[in-house]
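# Inside the fold
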Amino acid sequence: MAKYLVTANYTAEGLRGLAKDKASGRKAAIAAALKALGGKLDSVYYAFGATDVYLVCDLPDNVSAAALSLAVSATGMVKTTTTPLLTVDEVDAALDKTVKYRAPGA
């Protein structure tokens with residue numbers, strides 16, 4: 001299963017919903033949505049600053065990650081960014097591949 005980092009920022013209306021549901025209620029809703037897509041929640045953290053929420057989750061594939069992103073963003077209450085995460089072994093495997101590439105202007 002692939003691992004993803006999802007960052008999220010609430011709109012004003014989304015923050016009112018968070019206040020009503022509480023963070024634990026949102027965590028449960030996120031976990032249920034991931035489970036329905038065949039995934040699972042690894043961790044969720046709330047923060048202050050440029051980003052309101054950080055979550056790490058496992059999903060079967062990019063299509064499932066896109067489905068989650070589209071469903072959440074369609075509510076208009078949360079704006080998300082989804083980043084695929086690579087393991088150390090995956091990066092090592094990528095480094096072992098030979099890529100024929102010419103840099104611009106080279």
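Summarised in this report is the structure supplied together with it. For clarity, every value in this text was computed on a predicted model and none was experimentally measured.

### With respect to the pairing of strand β2 (residues 40-46)
- Judged from the six bridges that link them, β2 and strand β3 (residues 53-59) form a sheet pairing that is antiparallel. Opposite V44, over in β3, you have L55 as the bridge partner.
- Where β2 folds back onto β3 in an antiparallel hairpin, the turn is made up of six residues, including G49, whose phi is positive at roughly 130°.

### Notes on the pairing of β3
- Burial within β3 is extensive, with six of its seven residues counted as buried.
- Direction of pairing for strand β1 (residues 2-10) relative to β3: antiparallel, over a ladder of seven bridges. The residue bridging Y4 from the neighbouring strand is C57, located in β3.

### Topic: the sheet that holds β1
- Reading across from one edge, β2-β3-β1-β4 is the order of the four strands in this open sheet, with antiparallel pairing throughout. Two strands bound the open sheet, and with one partner strand each, they are β2 and β4 (78-85). Averaged over all neighbouring strand pairs, the angle between strand axes comes to 20°, with direction disregarded.
- By the bridge criterion, eight bridges tie β1 to β4 in an arrangement that is antiparallel. In the strand pairing of β4, V6 is matched with T82.
- Sheet strands touched by helix α1 (residues 12-36): β1, β2 and β3. Its angle to β2, the strand with the most contacts, is close to 155°.

Rules used in this analysis
- Here, residues in each chain are numbered from 1, in the same order as that chain's written sequence.
- Owing to the predicted nature of the model, reporting of local features is limited to residues with pLDDT of at least 70; listing and counting of side-chain atom pairs is limited to 80 or more, with chain, interface and lining totals taken over all residues.
- Side-chain measures here rest on the full set of heavy atoms in the structure, leaving out hydrogens and waters.
- Pairs of strands are assigned from DSSP output, requiring at least two bridges between the strands.
- Here a strand is any run of E in DSSP of at least two residues, a helix any run of H or I of at least four, and the numbering for each starts at the N terminus.
- Exposure classes here rest on a 1.4 Å probe applied to the protein chains alone. A residue is buried below 20% of its type maximum, exposed above 50%, and partly exposed in between.
- Lines fitted to C-alpha atoms define the axes, with helix axes restricted to the stretch in contact, and inter-axis angles between N-to-C directions lie between 0 and 180 degrees.
- We call two residues in contact whenever any of their non-hydrogen atoms come within 4.5 Å of each other.

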